Each structure stands twice: as structure tokens, then as C-alpha cells.
Amino acid sequence: MTKYLKNLFARKRVIGDTTELQGLLKADALLNNLVNASKVPGLGITVLKDGMAVLQKGYGYEDLEHKTPIIPKETIFRIASVSKPIAATALAYIVLDGLIDLDASFYEYVPYYPKKQWDFTIRQLASHTAGVRGYQGTEYGLNKPYSIKESIEIFKDDDLLFEPGTDYLYNSFGWVLISLALQEASGIPFEEYVKEKVLKPLGLVNTFAECHPERSRRAWNTETASTALSLTIFYSKNRLGFRKAIPVNNFYKLAGGGYLSTTEDIAKFGQAYLDGKILNEEVLSPFLTSETINGNKTYYGLGWQVSKDKKGRNYYGHVGNGVGGYSNFFVYPKQRMVFAILINCTNPNVQEELDEVVDVLMSETSEEAFT
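It should be emphasised that the depicted structure is a prediction, and the values quoted were computed from it without experimental measurement. (Residues numbered from 1 in each chain as written. Predicted model: local features only at pLDDT ≥ 70, side-chain atom pairs only at ≥ 80, totals over all residues. Heavy atoms only, no water.)

1. Quick notes on the nonpolar core
We apply this condition: Take the buried Ala, Val, Leu, Ile, Met, Phe, Trp, Tyr and Cys residues and link them wherever side-chain atoms come within 4.5 Å; each set so joined is a nonpolar core. Relative accessibility under 20% of the residue-type maximum defines a buried residue, over 50% an exposed one, and the middle range a partly exposed one, all with a 1.4 Å probe and only protein chains included. Here a residue-residue contact requires only that any non-hydrogen atoms of the pair lie within 4.5 Å.
Core analysis: the biggest nonpolar cluster contains 75 residues, and Leu-91 and Phe-269 have the highest contact counts within it. When near neighbours in sequence (up to four residues on either side) are disregarded, Phe-269 contacts Pro-85, Ile-86, Thr-89, Val-198, Leu-202, Leu-204, Ile-278, Trp-304 and Phe-329.

2. Description of the side chain of His-128
Threshold: Segments assigned H or I by DSSP are reported as helices when at least four residues long, segments assigned E as strands when at least two residues long, and all are numbered from the N terminus.
With respect to the helices, strands and loops of the structure, His-128 is situated in the loop between helix H3 (122–126) and helix H4 (148–151). By relative accessible area, His-128 is classed as buried at 2%. Ignoring anything within four residues of it in the chain, the contact list for His-128 reads Lys-84, Phe-162, Asp-167, Tyr-168, Leu-169, Tyr-170, Asn-171, Trp-175 and Tyr-300.

3. Quick notes on the packing of aromatic side chains
What describes a pair of aromatic rings is the distance from one ring centre to the other and the angle between the planes of the rings. This is how the line gets drawn: Centres within 6.5 Å make a pair out of two Phe, Tyr or Trp rings, where for Trp the six-membered ring is used; the pair is then stacked when the planes are under 30 degrees apart, edge-to-face when over 60, and tilted otherwise. Cation placement over rings: the criterion is NZ of Lys or CZ of Arg within 6 Å of the ring centroid and within 35° of the ring normal.
If you walk through the whole model with that rule in mind, you get 22 aromatic pairs. With a centroid separation of 5.3 Å and 80° between ring planes, the pair formed by Trp-304 and Tyr-316 is classed as edge-to-face. Here the residue Trp-304 occupies a position in the loop between strand S11 (296–297) and strand S12 (305–308), and Tyr-316 occupies one in strand S13 (residues 314–322), the gap between them amounting to 12 residues. Here Trp-304 falls in the buried class, since its relative accessible area comes to 0%. Look at Tyr-332 and Phe-339: their rings are 5.9 Å apart centre to centre, the planes differ by 75°, and that puts the pair in the edge-to-face class. In this structure, Tyr-332 and Phe-339 share a single accessibility class: buried. The structure contains a cluster of three or more aromatic residues connected by ring pairs, namely Phe-269, Tyr-273, Trp-304, Tyr-316 and Phe-329. A cation sits over an aromatic face here: Arg-78 above Phe-234, 3.7 Å from the ring centre. Seen from the ring of Tyr-140, Lys-253 lies directly overhead, with NZ or CZ sitting 5.5 Å from the centre.

4. Thoughts on the pairing of strand S2 (residues 52–63)
On a regular strand, each side chain points to the face opposite its neighbour's, so the side chains alternate between the two faces of the sheet. Worth spelling out the cut-off: The pairing criterion is simple: DSSP has to find at least two bridges between the two strands.
Two elements, strand S1 (residues 42–49) and S2, share 8 bridges in a ladder whose sense is antiparallel. Its bridge partner lying in S2, Thr-46 is registered against Gln-56. The hairpin formed by S1 and S2 contains 2 residues between the paired strands, and Asp-50 there has a positive phi angle of roughly 55°. The pairing of S2 with strand S3 (residues 68–69) spans 2 bridges and is antiparallel. In the sheet register, Tyr-61 faces S3, and the bridge partner there is Pro-69. In sequence, S2 turns back onto S3 through a hairpin of 4 residues, with Lys-67 there showing a positive phi of about 55°.

5. Topic: the sheet that holds S13
Just so we agree on the cut-off: Angles run from 0 to 180 degrees between N-to-C directions of axes, and those axes are lines fitted to C-alpha atoms, restricted for helices to the stretch in contact.
Pairing is antiparallel across the open sheet formed by 7 strands, whose spatial order is S3-S2-S1-S15-S14-S13-S12. What marks the edges here is a single partner per strand, and that holds for S3 and S12. Sheet topology places S13 next to strand S14 (residues 325–332); 7 bridges connect them, and they run antiparallel. Residue His-318 lies in a different strand from S14, and its bridge partner there is Phe-329. With respect to the sheet, helix H9 (residues 263–274) is in contact with S1, S2, S13, S14 and strand S15 (337–343), its orientation differing from that of S15 by roughly 155°.

6. Looking at empty space enclosed by the protein
For the record, the criterion: A cavity here means a set of 1 Å grid points, computed over protein atoms only, where a 1.4 Å probe fits but cannot escape. A pocket is an open set with protein on both sides within 12 Å along at least 5 of 7 lines, and lining residues have an atom within 4 Å of a point. Grid points are joined across faces, edges and corners, and a volume is the space filled by probe spheres set on the points. When residues are sorted by character, Ala, Val, Leu, Ile, Met, Phe, Trp, Tyr, Cys and Pro go into the nonpolar class, Asp, Glu, Lys and Arg into the charged class, and all the rest, Gly among them, into the polar class.
As enumerated under the stated definition, the model contains 1 cavity of 30 Å³ or more in all. Put simply, the largest cavity is a space of about 50 Å³. Forming the boundary of the largest cavity are Tyr-113, Lys-116, Val-132, Arg-133, Phe-155, Asp-158, Asp-159 and Leu-160. In the lining of the largest cavity, the residues fall into 4 nonpolar, no polar and 4 charged.

7. Here we look at the pattern of salt bridges
The condition is simple: Within this document, salt bridges are pairs made up of a side-chain nitrogen of Lys or Arg and a carboxyl oxygen of Asp or Glu, the two lying within 4 Å of each other.
Applying the stated criterion across every chain yields a total of 16 salt bridges. Residues Glu-353 and Lys-39 are paired through a salt bridge, measuring 2.8 Å at the closest nitrogen-oxygen approach. A residue pair is termed long-range when its members are at least 10 positions apart, and Glu-353 in helix H11 (residues 351–363) and Lys-39 in the loop between helix H1 (23–36) and S1 qualify at 314 residues. Overall, the relative accessible area of 18% leaves Glu-353 in the buried class.

8. Brief notes about the environment of Gly-258
Structurally, the position occupied by Gly-258 is in the loop between helix H8 (254–257) and strand S9 (259–261). We classify Gly-258 as buried; its relative accessible area is 0%. Each C-alpha atom of the pair Gly-258 and Ala-80 lies 6.0 Å from the other, and the pair is 178 residues apart in sequence. Setting aside chain neighbours within four positions, we find Gly-258 in contact with Ala-80, Ser-83, Phe-208, Ala-209, Glu-210, Asn-250 and Lys-253.

9. A look at the sheet that holds strand S4 (residues 75–78)
With mixed pairing, 4 strands are arranged side by side in an open sheet as S5-S9-S4-S6. Only two strands of the sheet have a single partner each, and these edge strands are strand S5 (208–209) and strand S6 (230–231). For S5 and S9, the ladder comprises 2 bridges, and the chain directions are antiparallel. Following the sheet pairing, Phe-208 is matched in S9 by Leu-260.

What follows is the structure, given as C-alpha cells:
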């Protein structure tokens with residue numbers, strides 16, 4: 001297995017063992033402890049079993065200074081790379097409409113992109129096997145008002161890191177290129193295509209493109225369609241505690257990590273897949289099937305992490321980490337469960353605890369909703 005295959009998404013998630021507490025009580029205790037131990041400023045969770053809420057609750061605060069509580073139905077988080085499954089769903093629709101061929105050259109849709117030493121396809125971009133590089137230096141936290149098309153200036157002149165199809169390197173710039181191809185093929189802005197094809201039909205009314213980060217949080221909260229919604233403050237963490245995250249502009253990388261949402265909307269999105277409301281199995285199969293490189297699984301399909309947890313249970317979804325936001329989104333088809341967990345902090349290093357919460361709830365779910 002080559003070096004580029006060694007990454008977060010090529011590993012099974014490690015899940016801790018339960019102790020004396022079980023089910024919802026243990027999950028609740030674990031999540032409360034993340035706040036009480038100052039590991040996260042705030043966290044929202046929505047867990048569905050057969051479409052019904054097993055656990056939907058907020059922990060900690062969306063605003064530490066004013067002690068504003070997290071409300072899963074109303075608190076808006078940065079969802080980071082959980083944006084990729086949303087973008088992948090839009091890609092599946094445009095493929096079905098015949099406007100994009102997954103195995104066509106990217107240059108068929110964006111002929112003005114600088115030619116590289118090798119050609120590469122939409123499928124290779126979506127599966128992180130095209131050789132496009134990842135972030136360098138401060139690119140992770142850019143605060144420039146790039147459009148999607150303008151943003152390719154960041155990386156367009158760089159060589160591919162390997163021959164497409166021969167290796168795997170997780171990155172978000174590949175999804176910038178997909179969103180550019182999608183809007184060129186459709187003739188409408190990427191964010192509008194996603195809104196019309198994915199968000200509106202599925203009733204994801206609290207999922208937004210982060211288009212205007214320069215506006216104040218108060219202005220955003222005032223201007224949203226639903227006055228109940230509230231945008232969380234975005235935090236980072238260091239050895240001294242939590243501080244407000246650096247300002248960033250994520251609009252150009254909507255497809256890879258630029259959407260805002262609630263845990264309820266993300267869970268609803270996952271439930272739509274379980275209920276067969278999105279396309280059909282033939283269209284979705286390549287998106288939810290792990291790619292292989294030289295016989296080795298990448299544990300990634302097209303915009304979706306596709307794997308098993310430590311106990312061998314199949315799931316698809318995504319983990320996300322961005323400036324001021326950390327996210328978990330898992331769909332377990334056999335168990336018909338959906339997990340949406342959003343945190344208002346750059347990677348707080350609590351994945352082990354989140355995995356344990358998932359395992360506890362997978363192992364023993366309650367018949368009553370816990371709110």
C-alpha cells in the first residue's frame with residue numbers, strides 16, 4: 001500500500017468498550033463529559049432509528065460568553081467535509097440527467113483548466129484518485145472572497161502528485177473542480193443547482209451555503225428565513241482553552257467543506273438515503289462503493305466514506321474538520337440508523353469518545369425518544 005493511501009479515511013474507526021452504564025444513559029454521560037471536561041464548547045446530536053429520533057439533544061453552548069445553549073433543530077454549525085456527500089448527491093443527479101459522464105475527462109467540462117502530464121476524470125476527482133494536491137501552508141484557513149472559478153488560481157498550476165487511478169490522496173481541491181465542472185455543465189451556479197436538486201426536494205430548509213462570512217453573526221441570525229435559527233460562534237482550542245476561530249471564507253469550497261446545517265437536517269439527509277428517496281440503487285452504487293487501488297480498498301466511494309466500524313458493521317457517511325467546526329455523519333443501512341454529530345470547534349480530538357457514543361447507541365437503542 002502506497003503512502004497516499006495512508007490517511008484518516010482508510011482506517012476503521014476504533015470504538016471503546018462500554019462500562020456499567022448502558023444505552024442512552026451512557027451516551028448522555030459521555031457527551032456531557034465532553035463539555036464538563038472542556039473538551040468541546042458545544043455539541044449537537046441527532047440519532048435516528050427507523051426514522052424516529054432516539055437521541056436529539058444539545059450539549060454545551062453555541063456562544064460561551066453568553067451561555068447560549070445548543071438546540072439541535074435550530075443551531076447552525078459548519079459541517080466541514082460532510083458537505084461532500086451533499087455535493088456527491090448533486091453530482092449523481094447531474095449524471096442521471098446526462099450532463100456529466102463520470103468517466104469523461106474533466107477537460108470536457110472545463111477546457112480552460114491548465115493541462116497536466118496526465119488526463120483525469122470526474123470519477124477520479126470524486127474518489128480522490130486524480131492526484132490533485134491537498135492544502136499547503138495557510139490554505140486551510142483562507143479568508144478571500146473567491147468564486148469557485150476564481151479559486152482554482154490557488155492550485156491550477158501545480159503538477160498532479162501521481163498518475164490518476166494509481167493512488168489515493170484525500171483532498172478538497174478535487175471537489176472544487178467537480179463543483180466547477182457541475183456549474184459549467186448545468187449552466188447555473190453550483191450552489192443553486194444543489195439547492196434545487198438536493199436541498200429543496202429533501203426538505204433540508206436549514207442547510208445553507210456559507211456565502212457571506214463577512215456578515216456578523218447577529219446579522220446572519222436576523223436575516224435567516226426562520227427566526228428560530230441561530231448561527232453558532234466558531235471556536236478553536238489550544239492549551240489555554242477555547243478562543244474564537246480565525247475568520248475564513250469557505251464559499252469557494254462549498255462542495256468540499258463549505259455548507260452550514262443543523263444536526264436534524266443532516267440526519268434527515270441520511271434518512272432520505274435509507275428510505276430510497278434519492279435516485280436509484282444503480283445510479284448510487286458507484287458513489288457508495290469503495291474504490292480499490294492495486295487491490296487495496298480506499299474505504300472511500302465518490303464523495304462518501306464507505307467502511308466498517310471495529311465491530312464489522314457497514315456504514316457510509318463522512319467525518320469533517322474545518323475552521324470552527326467538526327462533524328460526524330454515519331448511515332448504518334442494516335441497522336437503519338443515522339448519526340449526525342456537529343461541534344462548533346476546529347478538531348477537538350474527541351473522535352474516540354464520539355465513536356464510543358455511536359457504539360453504545362448501536363448496541364442498545366431505546367424505544368423511546370430521548371430529548
